[in-house]
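So you can see what is in the structure, the chains are spelled out below.
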Amino acid sequence: GHGPSSMTFLPVDAPQSICFKEVAGTIGGNIFHKACLPFPKSDLDVQHNPTCSIETYRGGLQCCRDGVPLLDKDQEVPWADEPLVYRLKFRFYFEEYNSNSHGDKNDPDPSHKSLVRLYWQTEARAGEYDIVQCPKGTPPSQCTQVITSRWQVRDMMKDCSI
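Residues numbered from 1 in each chain as written. Predicted model: local features only at pLDDT ≥ 70, side-chain atom pairs only at ≥ 80, totals over all residues. Heavy atoms only, no water.

Caption draft 1: View of the environment of V153. Mapped onto the fold, V153 is located in the segment after β2 (30-31). For the pair V153 and W120, spaced 33 residues apart in sequence, the C-alpha to C-alpha distance is 9.2 Å. (Helix = DSSP H or I, 4+ residues; strand = E, 2+ residues; numbered from the N terminus.)

Pasting the structure below:
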């Protein structure tokens, strides 16, 4: 059918901020904020990963803040005396800093001046994802989950006032 709509025109000579379509809601009074990017930047949305929607979210970083466990009210915390540990693995590529990159006393230019730090997650801004259980009876050799993210360096850039 047809109905009223609106169109927004943006200037073409300047970068514009564009917001991602996200699901709204709260968990424990905290705003649920996810941005599962569409393919090809992320596989999570097309895989219907539970972490992308408040309706299917099973728990994780969005709800278990400040030591709050995700359990039913009638359940006891099985690790009350032992805090859970969350780890991230990073790979850093670097170049050693040289205060005089040319080896010439008359040329004080260092090897690094303005460093740009870039960061991208395989789960592409979701911050976490669920490993979904395979259907009952699936042989372990056929129970594999893969997520990928296809991106370019420009996807990690945004306008900022420096």
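After that view of the structure, there is still more to cover.
Caption draft 2: Summary view of unusual backbone geometry. Residues F39 and P40 are joined by a peptide bond in cis, for which omega reads 10 degrees. Structurally, the position occupied by P40 is in the segment after β2. You will see that A124, though not glycine, has its phi angle at about 45 degrees, which is positive. Take A124: it is sitting in the segment after β2. Overall, the relative accessible area of 1% leaves A124 in the buried class. Of note, the phi angle at R125 is positive, near 75 degrees, even though the residue is not glycine. (Buried < 20%, exposed > 50% of the residue type's maximum accessible area, 1.4 Å probe, protein only.)

Caption draft 3: Molecular detail of the nonpolar core. C36, L44, C52, A126 and I147 form the largest nonpolar core, which has five residues in total. The contact partners of C36, leaving out residues within four places of it in the chain, are L44, D45, T51, C52 and A126. (Core = buried A, V, L, I, M, F, W, Y, C linked by side-chain atoms within 4.5 Å. Contact = heavy atoms within 4.5 Å.)

Caption draft 4: Spotlight on the pattern of salt bridges. Tallying each qualifying case throughout the model produces four salt bridges. Salt-bridge contacts for K34 lead to E128; the nearest nitrogen and oxygen are separated by 3.0 Å. Of the two residues, K34 sits in the segment after β2 while E128 sits in the segment after β2, which places them 94 residues apart along the sequence. The exposure classification of K34 matches that of E128, with both residues buried. Between R58 and D130 there is a salt bridge; the shortest N-O distance is 3.9 Å. Taken together, the positions of R58 in the segment after β2 and D130 in the segment after β2 put the pair 72 residues apart, joining distant regions of the chain. You can call R58 exposed: its relative accessible area is 51%. Exposure remark for D130: the relative accessible area of 12% places this residue in the buried category. (Salt bridge = Lys/Arg side-chain N within 4 Å of Asp/Glu carboxyl O.)

Caption draft 5: View of the side chain of S53. The topology assignment puts S53 in the segment after β2. We classify S53 as buried; its relative accessible area is 17%. Side chain to side chain, S53 and E55 meet in a polar contact 2.2 Å long. (Polar contact = N/O pair within 3.5 Å; in protein donor to acceptor, adjacent residues only side chain to side chain.)

Caption draft 6: Region of interest: the environment of I27. Within the secondary structure, I27 sits in strand β1 (residues 26-27). With 30 residues separating them in the primary sequence, I27 and Y57 have C-alpha atoms 9.9 Å apart. In contact with I27, not counting residues within four places along its chain, are F32, I54, Y57, Q62 and C63.

Caption draft 7: Highlighting the environment of F32. Within the secondary structure layout, F32 lies in the segment after β2. Residue F32 is classed as buried on the basis of its relative accessible area of 2%.

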